[in-house]
Amino acid sequence: MQRSPVVTIMGHVDHGKTLLLDAIRNTRVVEGEAGGITQHIGAYKIKAKNGEITFIDTPGHSAFTAMRARGAKVTDIVVLVVAADDGIMPQTIEAINHAKASGVPIIVAINKIDLPSSNPDKIRQQVANHGLIDEKWGGDTIFCEVSAKEKRGLDNLLEMILLQAEMLSLSYNPKNKGWGTIIESRIDKGLGPVGTIIVQDGVLKIRDTFAVSSNIGRVRAMIDDIGRRLNEASAGTPVEVLGFSTLPEAGERLFVISKEEADIILKEKKEPQMSFEKPKISLEELFKKIEEGEVKELPLIIRTDVSGTCEALCSSLKELPLNNVSIKILHSGCGGILEQDIMFAKAANGIIIGFHIKPSASIKALAEKEGVKIYTYDIIYEAIEEIEKAALGLLAPKVELKGIGRAIVKKVFKIEKKLIAGCFVEGGKIEQGAKVKIIRGGEPIIETSITSLKRFKEDVPFVKAGVECGIGIPYSDIKEGDVLEAFVAIKEEKS
Ligand code: GDP
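Residues numbered from 1 in each chain as written. Predicted model: local features only at pLDDT ≥ 70, side-chain atom pairs only at ≥ 80, totals over all residues. Heavy atoms only, no water.

A. Local environment of unusual backbone geometry. Although it is not a glycine, Lys112 sits at a positive phi angle of roughly 65°. Along the chain, Lys112 turns up in the loop between strand S5 (106-111) and helix H4 (120-128). The phi dihedral of Lys151 falls on the positive side, at around 55°, and the residue is not glycine. Tracing the sequence through the fold places Lys151 in the loop between strand S6 (142-145) and helix H5 (154-168). (Helix = DSSP H or I, 4+ residues; strand = E, 2+ residues; numbered from the N terminus.)

B. Structural context of the sheet that holds S6. In spatial order, the strands read S2-S3-S1-S4-S5-S6; together these 6 strands make up an open sheet with mixed pairing. Of all strands in the sheet, those bounded by a partner on one side alone are strand S2 (43-48) and S6. Neighbouring strand axes in the sheet, compared pairwise and without regard to direction, differ in orientation by 30° on average. As paired elements, S5 and S6 share 4 bridges and run parallel to each other. Looking at the pairing, Ile110 lines up with Glu145 of S6. (Pairing = 2+ DSSP bridges. Axes fitted to C-alpha atoms, helices over the stretch in contact; angles between N-to-C directions.)

C. Representation of the site of the ligand. In the vicinity of the ligand there are 15 residues, among which Asp14, Lys17, Thr18, Leu19 and Asp114 approach most closely. At 2.8 Å, a backbone N or O of Lys17 approaches an oxygen atom of the ligand. Protein contacts shield 73% of the accessible area of the ligand, which totals 580 Å² for the unbound molecule. Per element, the largest residue contribution to the shell around the ligand is 3 residues, and it comes from helix H1 (residues 17-30). For the shell around the ligand, the residue count by class is 4 nonpolar, 6 polar and 5 charged. (Near = heavy atom within 4 Å. Polar contact = N/O pair within 3.5 Å; in protein donor to acceptor, adjacent residues only side chain to side chain. Areas by Shrake-Rupley, 256 points an atom, 1.4 Å probe, with all protein chains shown as cover. Nonpolar A, V, L, I, M, F, W, Y, C, P; charged D, E, K, R; others polar.)

Right under this line is the structure:
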């Protein structure tokens, strides 16, 4: 069945993201679609002429990148707001980079067209310079002209979102058990931990037992964005859920599980747990991976004091001869290191290079928490020298790998252009998001990560030995008979 698209609004500060979100929301309420009182639950769903759309209520990149950093993909479409009287600004470019990096289509909303100084075609030209060309100009990006203030062009924008969604053919299976992603959470004095989830497949039902990480909960109540109590929430719907045993974090996945699965999790909780956190990546590790041929790109975020140095550093780094490895600059700009840089680096497994700038204490703490490495330099050749040193393996840290399970590929098939390995789990267990080594004829061929894990079309948090499952693998040459060894990496920090 078709599901409604989930949209995040991004753009530079003051370009009208908040007002646009409010305007869209109010249009619906004014139209008297339901008698409820709007509640802030982190997202809301509206009814447009030709369908429904869910909007994430926090505009900007931080929520988006925080999600992506956890491997969660909630947003189907990004609406990029650009003020018609201002034009492309640093955060506009960041938003474009974030959306592109995660493969989410962008619709450009040129806002504030009510202002006499607005110049929509100038914006089209500027945005085109960043690779987003209006359909009218022969490109493939949808542009809409709006005024959030005067509520102009909103219907057209909603229509275009639905048109874009149609091209994405977003669907869900109502027979599947529900799963979704936490987008916001809080502790309510009376109710305890409360989390908003966007259901992404199946139907979440009242009294369903669920797992978030290894914590089990039960849906005690579900409340939608207009305060209605729901018994069921289907894919695409944002709902506030009561019944968590601990406070869930934004970006974590919620899976409906069976009683047997709940028992296994409870049993495992009593036993010592291994961490399944993605291994933290550092410059040294990255180069180790490069040396091993696993990584062909070095993703960097570069922040410098002035833009001239930024360009100089970027071009010097790009010219480094690194065994055919390309340096991929995810984002570069001048000014301090920002929270979203860390989340972006985490999401892309990249590192941050700061030049002539020092991260603030809070940024340092956040980087530490998220496991993102920041390298700061004051002299260009030092930056380059260190990267070369790392490339020579002088700084290679010890990485201990712990196997968690083993599966054999029985059949390979393609679903929606993604490769799925139909597997039988021979030993241990296979976990969502775990790393896997692909072994053929006793020889390891490549190391990669599991992108999805399903049983009978349903996403599951893990699969135990003796069970068949479908494992999404981003490796086009996977073959029947290959063995997948799932593992976690535990790094020993070098002091
Ligand atoms: P955000 O920082 O992107 O969330 O921007 P806001 O929604 O807070 O808007 C910034 C300012 O621009 C506010 O003073 C808004 O009233 C104003 N604004 C937003 N949209 C429009 C618009 O369509 N026309 C005009 N004239 N002003 C707008």
